[in-house]
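# A look at the structure
Listed below are the residues making up each chain.
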Amino acid sequence: METLGRFAPSPSGRLHLGNLFCALLAWLSARQKGGKILLRVEDLDTARCPLKYGAQTERDLQWLGLDWDIGPGKENGTGPYYQSRRTALYQAALEKLEDRGLVYPCFCTRAELHAASAPHREDGQTVYVGTCRYLSAAEIAEKRRTRAPALRLRVSEEVWGFTDGHMGRYEENLARDCGDFLLRRSDGMFAYQLAVVVDDAAMGITEVVRGSDLQDSTPRQLYLYHLLGLTPPQFYHFPLLLTAEGKRLSKRDSAVGLDSLQERLSPEEILGRLGYLAGINPSAAPKTAEALLTDFDWERVPRADIRIPEGLFE
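Each value, and the rule that gives it
- Residues numbered from 1 in each chain as written.
- Predicted model: local features only at pLDDT ≥ 70, side-chain atom pairs only at ≥ 80, totals over all residues.
- Heavy atoms only, no water.
- Helix = DSSP H or I, 4+ residues; strand = E, 2+ residues; numbered from the N terminus.
- Rg over C-alpha atoms; globule rule 2.2 N^0.38 Å.
- Contact = heavy atoms within 4.5 Å.
- Areas by Shrake-Rupley, 256 points an atom, 1.4 Å probe, with all protein chains shown as cover.
- Pairing = 2+ DSSP bridges.
- Axes fitted to C-alpha atoms, helices over the stretch in contact; angles between N-to-C directions.
- Core = buried A, V, L, I, M, F, W, Y, C linked by side-chain atoms within 4.5 Å.
- Buried < 20%, exposed > 50% of the residue type's maximum accessible area, 1.4 Å probe, protein only.
- Phe/Tyr/Trp six-rings, centres within 6.5 Å; stacked < 30°, edge-to-face > 60°.
- Lys NZ or Arg CZ within 6 Å of the ring centre and 35° of its normal.
- Right-handed = clockwise from strand over helix to strand, strands pointing away.

Turning our eyes to something else, we now look at the overall build of the chain. Of regular secondary structure, the chain possesses 11 helices and 11 strands. Against the globule reference of 20 Å for 314 residues, the chain gives a C-alpha radius of gyration of 20 Å, in line with a compact fold. When its C-alpha atoms are laid out on the principal axes, the chain stretches across 65 × 45 × 35 Å. Nonlocal contacts in the chain, meaning residues at least 24 apart in sequence, comprise 77% of its contacts between residues at least 6 apart. By element, 49% of the accessible surface of the chain is carried by carbon and sulfur atoms, the whole surface being about 14,500 Å².

What follows is the structure in structure tokens.
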């Protein structure tokens, strides 16, 4: 089977170094296998991700030389490639789960979900305790009078895991480690977990490369693949880029945004330095994406988060 990887940014602003690192690794991993790349713009939150940023993302990737084979401007029948135009597919998947009695309305407010008494994971995420899982029909009807509900998926008391192509084995007990999770928010927006599963399956994605901050989403997604009768891809999670001080990169940090980087660096200089951070460029010397293919190997990519040396992108 031919490898089909993808880059799927959520364009709430210009791409930053973390996005570019993901795009480069996804491109290299698929291309090294002789495969193709698909570009999908994950703009479910249209208020945060206006179309202008999606269009800018396309231009930025072209400027960097990270081309795609399928996606905006390169249709192959699996589009559209903007999630905001794919909501009918998410609704159909939701209805399949509803028909099996696996979905229920949740009226919990954000404050209630984050209450101090709620169980939390080590990473600070709240574990949903099933507050609304056993509401009666009468209780649901009464609550609907004052609040639109979110929709949650019932999870089972079982372990879902996978062997990551880079990070190794990872698994979670869904009931204990995350609880019933959202499929659609109270404002009607479909949740990332559902949309990404539906899209990756519908588009024929065989390989997903993304940051380790999304590794814990994978067991939830595997559960959805199972319930919907879909085939999951191979996952490769990579370490996050951190500032020299050890903080996560933020789009609010203008110095790491592509708009700022373009003012002082060429595409080859940016890619060469990202390749250096990934362990596939022996120095920070300028390189094209094609040139980095020669030495690309997942075994060279670090597994621990990577601090960007001060001044590397100046």
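That covers the picture; the talk isn't over yet.
Our focus in this paragraph is the sheet that holds strand β3 (residues 103-106). An order of β3-β4-β7 is seen for the 3 strands of this open sheet, with the pairing classed as antiparallel. Looking along the sheet, the strands with just one partner apiece sit at the ends: β3 and β7 (181-184). Strand-to-strand twist in this sheet, taken as the mean axis angle between neighbours without regard to direction, amounts to 45 degrees. Contacts between helix α3 (residues 87-99) and the sheet are confined to β3, β4 (150-153) and β7, with β7 contributing the most and set at about 125 degrees to the helix.

Looking now at the nonpolar core. One recurring pattern in soluble globular proteins: nonpolar side chains tend to sit buried together. Ranked by internal contacts, the top residues of the largest apolar core, which has 44 residues, are Leu 17 and Leu 274. Looking at this core, the elements that each hand over two or more residues are α1 (17-32), β2 (36-39), α2 (51-64), β9 (234-238), α9 (258-264), α10 (267-277) and α11 (289-293). Broken down by element, this core gets its largest block of residues, 11 residues, from α1. Beyond its immediate chain neighbours, meaning those up to four positions away, Leu 274 contacts Leu 17, Leu 20, Phe 21, Leu 24, Leu 241 and Phe 313. Counting 37 residues, the second largest nonpolar core, distinct from the first, contains Tyr 81, Leu 151, Leu 183 and Ala 195.

Applying the stated criterion to the full structure yields 7 aromatic pairs. The interplanar angle of 85 degrees and the centroid separation of 5.5 Å between the aromatic rings of Phe 21 and Phe 238 together place this pair among those described as edge-to-face. A residue pair is termed long-range when its members are at least 10 positions apart, and Phe 21 in helix α1 and Phe 238 in strand β9 qualify at 217 residues. Here the aromatic cluster, defined as three or more aromatic residues joined through ring pairs, consists of Phe 162, Tyr 170 and Phe 235. Taking the ring centre of Trp 68 as reference, the NZ or CZ of Lys 74 above it sits at 5.7 Å. Over the ring of Tyr 128 we find Arg 152; its NZ or CZ atom is 3.7 Å from the centre of that ring.

A word on the pairing of β9. In terms of residue burial, β9 counts as a mostly covered element, since 4 of its 5 residues are buried. Sheet analysis places strand β8 (residues 207-211) next to β9, joined by 5 bridges and oriented parallel. Bridge pairing in β9 links Val 208 to Phe 235. Crossover connection from β8 via helix α8 (residues 218-228) to parallel β9: handedness right-handed.

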